[in-house]
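# Analysis of the macromolecular model
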Amino acid sequence: MHVLVTGGAGYIGSHTVRELLKVGYRVTVLDNLSRGHKAVARIISGAEFIWGDIGERELVEEILRTREIQAVLHFAALSLVGESVADPARYYQNNVVKGIILLEAMRAAEVPYFIFSSSAAVYGEPVTVPIDEEHLCRPTNPYGATKLVVEEALRWYATAYRLKYISLRYFNAAGADSSGDLGEDHRPETHLIPVVLQAALGVRREVTIYGTDYPTPDGTCLRDYIHVTDLAKAHVLALQALVAGHPSSVYNLGNERGYSVREIIRTAEQVTGRKIPVVEGFRRPGDPAVLVASTRRMKEALGWRPQYSELATIISTAWHWLQRHTEGYADI
Ligand code: UFG
């Protein structure tokens, strides 16, 4: 089966391309390189890489038709909460408008299967924890709102047209492929684990803890960190299930365990054997105190089991990658 991976040169997309190739899919990647990295094409042999935008309807349709694509895994999106609050128009344009253009190209080319990168950000401030898929969706930022709009479009498209989809709501993706050649490289980096490890390495002076007065055991936020390879494997499982007749659905992906910012820093110090300079700062606007997933639905329906769920494993794979890529991917 030939699949299209949008955003396949990005963090979660690239890890998923690798897992898809491992189990025998033919893979074409479409990435505009706004957040992804050209170097990924050199590292992952076996996939075809096309540098282009999902908003180019004719290009997308042509790719789908000429390669007889049967499924699209859609990672290409902007995903920074703070950036989305500062510039919501950009998020609606990239994530919603272009997302719909992609769905329209699929409809024209009669591509039946779609796997969507959604986010825990669709829930907003949790009312009950752990958060299951029935939890109220009331996003507190434009990023989460744009993911929810696309999820709703998918529901209606699936009802009216021949589309089958699975939407995967990620909690905090982290870690790197165990080979050490694929990893997390956002510019600028804002995510906690890479920021902490950059401070351990000395390429960043310190880590600022955003808030120490939350109603949590140590006063810092709790998040559910999930290894990127476990996420990638979940996509393969979801695709296989859809093709085998599994109904359109929505699933959370997390580890069902919350770690505080201080626990992350402490574990990173153990893994790296280095002291990490820390500064205690103010809360970051929009951060809920606790985000922890219930993933019972995914486990029961698809038999998914995270294999790299230990925090030390997540951090050590990220550390392994960072030590080999102290300045990130070399994009030449
Ligand atoms: N944090 C710090 N210092 C830093 C960076 C982060 O204290 O330098 C804290 C944050 O306040 C938060 C936790 O570490 O409590 C995790 O922050 P991240 O920025 O790594 O991740 P978020 O939980 O903010 O966001 C992630 C994804 C989003 C997604 C969201 C779902 O990056 O795309 O989870 O809620 F929307």
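Residues numbered from 1 in each chain as written. Predicted model: local features only at pLDDT ≥ 70, side-chain atom pairs only at ≥ 80, totals over all residues. Heavy atoms only, no water.

As recorded in an unreviewed UniProt entry, the protein goes by the name UDP-glucose 4-epimerase, listed as coming from Neomoorella thermoacetica. Quoted straight from UniProt, the Cofactor (unreviewed entry) entry for the protein says "NAD(+)". According to the UniProt record, the Subunit (unreviewed entry) comment for the protein reads "Homodimer." (UniProt positions renumbered as here; feature names shortened; annotations may be inferred.)

Let us now look at the sheet that holds strand E3 (residues 48–51). Ordered by their spatial adjacency, seven strands build an open sheet running E3-E2-E1-E4-E5-E6-E11, and the pairing between neighbours is parallel. A single partner strand is all that each edge strand has here, and the edge strands are E3 and strand E11 (249–253). In this sheet, adjacent strand axes meet at a mean angle of 20 degrees when their direction is disregarded. Contacts from helix H8 (residues 228–243) reach strand E1 (2–6), strand E4 (71–74), strand E5 (113–119), strand E6 (164–170) and E11, with the element oriented near 160 degrees to E6. (Pairing = 2+ DSSP bridges. Helix = DSSP H or I, 4+ residues; strand = E, 2+ residues; numbered from the N terminus. Axes fitted to C-alpha atoms, helices over the stretch in contact; angles between N-to-C directions. Contact = heavy atoms within 4.5 Å.)

Let us now look at the sheet that holds strand E9 (residues 222–223). Pairing in this open sheet of three strands is mixed, and the strands run E12-E9-E14 from one edge to the other. The open sheet terminates on both sides in strands that have one partner only, identified here as strand E12 (259–260) and strand E14 (290–291). As defined by bridge partners, E9 adjoins E12 across two bridges and the pair is classed as antiparallel. By the bridge assignment, Leu-222 is partnered in E12 with Ser-260.

It is worth spelling out the UniProt feature "domain: NAD-dependent epimerase/dehydratase" (unreviewed entry) in the protein at this point. As annotated in UniProt, the feature "domain: NAD-dependent epimerase/dehydratase" (unreviewed entry) corresponds to residues 3–254 in the numbering used here. Taken end to end, residues 3–254 is 40% helix and 19% strand, and its two terminal C-alpha atoms sit 25 Å from one another.

Our focus in this paragraph is the domain arrangement of the protein. Interface size is often expressed as the accessible area that is lost when the parts come together. One can read the domain layout of the protein as domain 1 (2–174 + 226–253) and domain 2 (192–224 + 256–324). A C-alpha centroid distance of 24 Å is found between domain 1 and domain 2. Taken together, the contacts link 28 residues of domain 1 with 25 residues of domain 2. Summing both partners gives a buried area of about 2,300 Å² for domain 1 against domain 2, and 67% of it is carried by carbon and sulfur. The largest share of the area that domain 1 buries against domain 2 comes from His-227, Asp-230 and Tyr-251, three residues that together contribute 23% of it. The tally of links between domain 1 and domain 2 comes to two salt bridges. The salt bridge involving Glu-134 is made with Arg-297; its shortest N-O contact spans 2.5 Å. Run the count over domain 1 and domain 2 and you get ten residue pairs in polar contact (both at pLDDT 80 or more). Secondary structure elements with two or more residues in the side of domain 1 that touches domain 2: strand E7 (172–174), strand E10 (225–227), H8 and E11. A total of seven residues in the side of domain 1 that touches domain 2 trace back to one element, the largest contributor, which is H8. Residues of the side of domain 1 that touches domain 2, tallied by class, amount to 15 nonpolar, seven polar and six charged. (Domains from an automatic or database assignment. Buried area = accessible area lost by both parts, 1.4 Å probe. Salt bridge = Lys/Arg side-chain N within 4 Å of Asp/Glu carboxyl O. Polar contact = N/O pair within 3.5 Å; in protein donor to acceptor, adjacent residues only side chain to side chain. Nonpolar A, V, L, I, M, F, W, Y, C, P; charged D, E, K, R; others polar.)

So, on to the site of the ligand. Not every one of the 21 residues close to the ligand is listed here, only the nearest: Leu-192, Thr-208, Arg-223, Arg-284 and Asp-287. Measuring from an oxygen atom of the ligand, one finds a backbone N or O atom of Ser-79 at 3.1 Å. Arg-284 is positioned such that a nitrogen or oxygen atom in its side chain is 2.6 Å from an oxygen atom of the ligand. When the ligand sits alone it has 690 Å² of accessible area, and the protein chains cover 91% of it. When contributions to the shell around the ligand are tallied by element, the ones reaching two or more residues are helix H7 (192–201) and strand E8 (207–210). Broken down by element, the shell around the ligand gets its largest block of residues, three residues, from E8. Its residues assigned to classes, the shell around the ligand shows twelve nonpolar, six polar and three charged. Residues from two domains meet in the shell around the ligand; each of domain 1 (2–174 + 226–253) and domain 2 (192–224 + 256–324) gives at least three. (Near = heavy atom within 4 Å. Areas by Shrake-Rupley, 256 points an atom, 1.4 Å probe, with all protein chains shown as cover.)

The next point concerns the side chain of His-74. In this fold, His-74 is placed in strand E4. The class of His-74 is buried, set by a relative accessible area of 3%. A distance of 2.7 Å separates the side chain of His-74 from the side chain of Thr-6, its partner in a polar contact. In this structure His-74 touches Thr-6, Ile-54, Gly-99, Leu-102, Phe-114, Ile-115, Phe-116 and Ser-117, once residues within four positions along its chain are discounted. (Buried < 20%, exposed > 50% of the residue type's maximum accessible area, 1.4 Å probe, protein only.)

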